[in-house]
Amino acid sequence: MIILKNEREQEAMRAAGAVAATVLHEVANFVAPGVTTRDVDRFAAERIKAHGARSAFLGYKKYPCHLCISVNDEVVHGLANNRRLEFGDIVSLDVGVYFRGFIGDNARTVPVGGCSPLAQKLIDVTERALYEGIAQALAGQRVADISRAIQQFVEGNGFSVVREFVGHGVGRSMHEEPQVPNFVDQKSSPRLRPGMTIAIEPMVNAGSPAVRVMRDGWTVVSQDGLPSAHFEHTVLITEAEPEILTCRERMPALLSA
Ligand code: MF3
Ligand code: CO
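Residues numbered from 1 in each chain as written. Chains lettered and ligands numbered in written order. Predicted model: local features only at pLDDT ≥ 70, side-chain atom pairs only at ≥ 80, totals over all residues. Heavy atoms only, no water.

Just to check I follow, could you spell out the environment of N81 for this structure?
Within the fold, N81 resides in the loop between strand 3 (74-76) and strand 4 (90-99). Separated by 27 residues in the primary sequence, N81 and R108 have C-alpha atoms spaced 19 Å apart. Those residues in contact with N81 that lie beyond four places of it in its chain are T36, T37 and R38. At 2.9 Å, the side chain of N81 and the backbone nitrogen of R83 are in polar contact. (Helix = DSSP H or I, 4+ residues; strand = E, 2+ residues; numbered from the N terminus. Contact = heavy atoms within 4.5 Å. Polar contact = N/O pair within 3.5 Å; in protein donor to acceptor, adjacent residues only side chain to side chain.)

Written out as structure tokens, the structure reads:
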């Protein structure tokens, strides 16, 4: 069952989205050579708390960290540890917060100081793929229209989309229906309707799409060891243009409300 959000619920999701986007921005600015991923997790915890929110990830299926931090060949769900980030690494930061009863979920990949031209292209293609998907998030279209736009853009640029993990409906729970894959399959695909809120999140590998889960039970890595990138926004389907809810420009209005 797909849960549509009414005006009041949409307003709360704008607030949760603004907090999630602000924390992601703050965390991205904190990333630097020499910083450990555990330092990043501690900083994220502090910023989430400062905004009066809670991590949506900590404790979810016993997930042990406040954000997901995935370096280089790590695709998603990376765990914070004593690894020191180095110049040239690329790091995927995924921040989900619980605020005013709803979840805002967003992610981005950033270079640590700088990175290779190939890694930068991977980052740019993944971010643009997210916006290609969002452009299809229109009432009357189907989820598969989003999936197709992302897959075609990524593969047209010589990269591949991960199959095992997908975007999702989001609201009072982090994972609601429908699933939002980054590839087209033969399954029937739900129609998009105003009031639906979905997390669109392309995970893009530089090489093969194959992934495996490491022995920590969480960290997903590319099987070929090549780098991977991840961008995500929480999006509201409206009667007109899609509305990106994970948008930090809303923060000032939120604070004065
Ligand atoms: N954005 C990811 C997702 O939608 C984050 C989940 S991490 C978890 O699945 F630890 F909470 F599972
Ligand atoms: Co998500």
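The structure having been displayed, the exposition proceeds.
What exactly am I supposed to notice about the packing of helix 1 (residues 7-30) against helix 2 (residues 37-50) here?
At a minimum axis distance of 10 Å, the contact between helix 1 and helix 2 shows a crossing angle of 150 degrees. The two elements helix 1 and helix 2 cross, and the hand of that crossing is right-handed. Together, V23, E26, V27 and F30 of helix 1 and D39, V40, F43, A44, R47 and I48 of helix 2 make up the contact between the two elements. Partitioned by chemical class, the residues of the contact of helix 1 with helix 2 number seven nonpolar, no polar and three charged. (Axes fitted to C-alpha atoms, helices over the stretch in contact; angles between N-to-C directions. Left-handed = near helix turned anticlockwise from the far one by under 90°. Nonpolar A, V, L, I, M, F, W, Y, C, P; charged D, E, K, R; others polar.)

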